[in-house]
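Chains, contacts and geometry: an overview
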Amino acid sequence: RHVLHPEALGPAQGGAPAPTTESTTYDPHRLHGPPPPTNAGTRVMIRLIGTSTAAVLLALALLHVYWAAGGHWGTDVAVPEHDGQPLFQPPTAATLLVATLLFAASLVLLGRLGLWGTALPGWLFVVGTWTLVAVFLGRVVGDFKWFGIFKRASGTAFAWWDTRLFVPLCFLLALGCLLVARSGR
């Protein structure tokens, strides 16, 4: 004989009342995570941080386009060097690819904030923003030799700028992307 527990019975059968839950709308484009901030000030601050982060990414994309077009400003500190020589000479196509990725990254952030791409599936922006967090944190950590906080190379112009500008900038970009990623649409 099978015995039913009172919790399994509904109120009509003398069991416990069914638990009540708030009515929520299912959004298939949003991954599970913390709810979006409810404080209006917090939403404004996240939007400001997100758009500022997107603007920095757009500026970096434009700098790479400038380099691809033959510009020289900043190129002497943009690539790690060994014995006074750059480790590699980035080809124009690779520089344009980086510019395109930086531009796309800015659009991902704007999409996650709901300022662009509303016709696209929201999960693209969720996954894209979390990917940006990982990429920029990876750049902060570095390769343990030439760049990042654990680099062994020192005494070069690139190493100096990497320590004082590139790593902190990538950390701030990762933090901005993290705030946007956690914010919801």
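Report follows, based on the coordinates. What you see is a predicted model; the values in this text were computed from it and never measured.

Scanning the protein from terminus to terminus reveals four helices and two strands. In the protein, which comprises 185 residues, the proportion classed as buried is 30%. For the protein, the share of sequence-separated contacts (at least 6 apart) that also reach a separation of at least 24 residues comes to 61%. Just so you have it, the protein exposes about 12,200 Å², and 68% of that area is on carbon and sulfur atoms.

Quick look at the packing of aromatic side chains now. Counted according to the given criterion, the structure contains four aromatic pairs. Ring geometry for Trp 116 versus Phe 125: centroids 6.0 Å apart, planes at 70°, classification edge-to-face. Residue Trp 116 is classed as partly exposed on the basis of its relative accessible area of 36%.

Checked against the element boundaries, Thr 156 lands in the loop between helix 3 (122–141) and helix 4 (157–183). Overall, the relative accessible area of 18% leaves Thr 156 in the buried class. At 3.0 Å, the side chain of Thr 156 and the backbone nitrogen of Ala 159 are in polar contact.

A few words now on the side chain of Arg 112. Here Arg 112 lies in helix 2 (residues 92–112). Classification of Arg 112 as buried rests on a relative accessible area of 6%. Side-chain polar atoms of Arg 112 contact the backbone oxygen of Ala 181, separated by 2.8 Å.

Conventions used here
- Residues numbered from 1 in each chain as written.
- Predicted model: local features only at pLDDT ≥ 70, side-chain atom pairs only at ≥ 80, totals over all residues.
- Heavy atoms only, no water.
- Helix = DSSP H or I, 4+ residues; strand = E, 2+ residues; numbered from the N terminus.
- Buried < 20%, exposed > 50% of the residue type's maximum accessible area, 1.4 Å probe, protein only.
- Contact = heavy atoms within 4.5 Å.
- Areas by Shrake-Rupley, 256 points an atom, 1.4 Å probe, with all protein chains shown as cover.
- Phe/Tyr/Trp six-rings, centres within 6.5 Å; stacked < 30°, edge-to-face > 60°.
- Polar contact = N/O pair within 3.5 Å; in protein donor to acceptor, adjacent residues only side chain to side chain.

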